[in-house]
Amino acid sequence: LSVLASFAQEESRSISENCKWGIRKGYASGNPHVNNERVFGYRYDKEQKQYVMVPEEAEIVREIFRLYLDGMSTDKIAKKLNAEGKRTSTGAIFRVSRINVILDYEFYTGDRLLQKHYLDGHLTKKQKKNNGELPQYLYTDDHEAIIDRETFSRVQEERKRRRAFFQNTVLGY
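Report follows, based on the coordinates. (Residues numbered from 1 in each chain as written. Predicted model: local features only at pLDDT ≥ 70, side-chain atom pairs only at ≥ 80, totals over all residues. Heavy atoms only, no water.)

The next subject is the pairing of strand 2 (residues 42-45). Side-chain alternation along strand 2 places Y42 and Y44 on a buried face and R43 and D45 on a face that remains uncovered. Taken together, the two bridges between strand 1 (residues 38-39) and strand 2 define a ladder with antiparallel strand orientation. The partner of V39 across the bridge, within strand 2, is Y42. What sits between the antiparallel neighbours strand 1 and strand 2 is a turn of two residues, in which G41 has the positive phi angle 105°. One ladder, built from four bridges, connects strand 2 with strand 3 (residues 50-53); its direction is antiparallel. Paired with R43 across the two strands is V52, which belongs to strand 3. The turn joining strand 2 and strand 3, which pair antiparallel and follow one another in sequence, is formed by four residues; a positive phi near 55° is taken by K49. (Buried < 20%, exposed > 50% of the residue type's maximum accessible area, 1.4 Å probe, protein only. Helix = DSSP H or I, 4+ residues; strand = E, 2+ residues; numbered from the N terminus. Pairing = 2+ DSSP bridges.)

Right, let's get into the pattern of salt bridges. With the rule as written, the count across this model stands at 16 salt bridges. Across the salt bridge formed by E84 and K80, the nearest N and O atoms sit 2.4 Å from each other. Note that D104 and R159 form a salt bridge whose closest N and O atoms lie 2.7 Å from each other. Placement of the pair is D104 in helix 4 (residues 96-104) and R159 in helix 5 (residues 149-169), with a sequence separation of 55 residues. Owing to a relative accessible area of 8%, R159 belongs among the buried residues under this scheme. (Salt bridge = Lys/Arg side-chain N within 4 Å of Asp/Glu carboxyl O.)

Here is the structure:
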């Protein structure tokens, strides 16, 4: 029984490695694996094999970026959107965590960065942030942009500024 379990575990590891290899080979050759068909502001069109903008959601994304640059906190942005009856693509209310994801997601510039995270093993399957352990693949102008790169860059600078301010004043670092 132990020998059979060992064979099964090795087969599982082999299949996992082969799948990872195939996905990474696709990344490197310019044929990225689509692992997220629903991104707020977009839908993946399987026939066209590309992301297509959803105008109503794209307008909400633009509003989030604009409000943040106007000085509004992510908490207040979420409350404002919810008070106006705006919802995520799944019909859920906006939460601070969702606003943060939207503000940090380079996808809205028309670019797509792949392999930002990886699974540490075929048994544990714990997701880890890729801090240079594996190559990342950036596809520029992959789809229609909702936010221009300059606005995205300004938001990232403002997010860094606010984090530093919070750490220095509130946390006393």
